[in-house]
Amino acid sequence: TFEAVNKRIEENKHGYQRQAKEFYLLAGKVICKECGKYMSGNYRIWGRHLDTLVVTYRCLSPKHLCKNREINRDYLEWKVVELLEENIFNKKSLRRIKKDIETYLDCSDNTNEAELASVNLSLEKVNTELQNITDVIASGIISTALKERLVSLEEEKTALADKKASLELLPSRDIPTIDTDLLLAQYGYFRLSPKSPNFKAFIQQFINKITVGNYTVYIDLKTGLDIAPALDKEFSIRREELYSWGLDKKRNG
């Protein structure tokens, strides 16, 4: 994990984003739902006395091409971190995730075995019918219908043989070891510096993408830990709910 964090930091150095005066925890993960472009960090001074700093994520498309509204940086980042802590970075969730991944991989392997058994049974039936037709033709009985059926069976046999070969090439997957205590310790360590590139690189490993629309925000987390993507979860929250929640959190410190 530490190697992955360092790799992410190095990638960020050479990314499309330029150095900003503000820190953007989710840079490179936030996408505009309206036009599909990335939303980048943006800040400005606001208010009658120019004493209010407004920091947001804003769509990179020109305003006349995309009408999506910018979104408050702090509220969005706080919500993402909260969802990560509720759904991944706690002992109960990690135990559940570990069990779900083990069950998923077991089921996947069993599905492949069942499919291979089905293909073998179909091949056996096709070979039997081919042999019967061959015996009939060998006895001197030849018809257009028999010839057409023979061609059809040969094509079916070829398709089944190809499918069998591809299934046999699938490796049996070992269930990976998930050290839940280590993951929690790493999160706790990086969480001590929430405005650091290390924390940013660490948590971005657990985020697929964040899609911001005019009315709803979709937060897609890697609750399958990159082992079982089918177990990843997407959370949706209305913008007005996000802003109400963010204001309350800000007032309460």
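Described below are features of the structure shown in this document.

The rules behind the values
Residues numbered from 1 in each chain as written. Predicted model: local features only at pLDDT ≥ 70, side-chain atom pairs only at ≥ 80, totals over all residues. Heavy atoms only, no water. Axes fitted to C-alpha atoms, helices over the stretch in contact; angles between N-to-C directions. Helix = DSSP H or I, 4+ residues; strand = E, 2+ residues; numbered from the N terminus. Parallel < 35°, antiparallel > 145°, perpendicular 65-115°, else oblique. Contact = heavy atoms within 4.5 Å. Nonpolar A, V, L, I, M, F, W, Y, C, P; charged D, E, K, R; others polar. Pairing = 2+ DSSP bridges. Left-handed = near helix turned anticlockwise from the far one by under 90°. Buried < 20%, exposed > 50% of the residue type's maximum accessible area, 1.4 Å probe, protein only.

1. A look at the packing of helix α2 (residues 73-87) against helix α7 (residues 239-251)
- For the pair α2 and α7, the least separation of the axes is 9 Å and the interaxial angle reads 90°. Here α2 is positioned roughly perpendicular relative to α7, judged by the angle of their axes. On the side of α2, the interface is formed by Y75, L76, W78, K79 and E82, while α7 contributes L242, Y243, W245, G246, L247, K249 and K250.
- Looking at the contact of α2 with α7, its residues break down into 7 nonpolar, 1 polar and 4 charged.

2. Details of the sheet that holds strand β4 (residues 71-72)
- Judged by pairing direction, the sheet is antiparallel, and its 3 strands sit side by side in the order β2-β3-β4 without closing on themselves. Across the chains shown, the open sheet's two edge strands, defined by having one partner strand only, are β2 (39-46) and β4.

3. Things to note about the sheet that holds strand β6 (residues 216-221)
- Here 4 strands make up an open sheet; going across it, the order is β1-β5-β6-β7 and the pairing mixed. Looking at which strands have only one partner, the edges of the open sheet turn out to be β1 (30-32) and β7 (233-238). For this sheet, the mean angle separating the axes of adjacent strands, direction not counted, is 20°.
- Pairing of β1 with strand β5 (residues 207-212) involves 3 bridges; the strand directions are parallel. Directly across from V30, in β5, lies its bridge partner I210.
- The strands that α7 touches are β5, β6 and β7; relative to β7, the one it contacts most, it runs at about 80°.

4. What to know about the packing of helix α5 (residues 180-191) against helix α6 (residues 197-204)
- In the contact formed by α5 and α6, the axes pass within 8 Å of each other and the chain directions differ by 145°. For the element pair α5 and α6, the recorded crossing hand is left-handed. Along its contact with α5, which presents L183, Q186, Y187, F190 and R191, the element α6 presents N198, F199, F202 and I203.
- Considering only residue class, the contact of α5 with α6 consists of 6 nonpolar, 2 polar and 1 charged.

5. Looking at unusual backbone geometry
- For L225, which is not a glycine, the phi torsion comes out positive at approximately 55°.
- Mapping L225 onto the fold places it in the loop between β6 and β7.
- Positive phi values are uncommon outside glycine, yet D226 reaches one of about 65°.
- Position of D226 relative to the elements: it lies in the loop between β6 and β7.
- What makes D226 exposed here is its relative accessible area of 54%.

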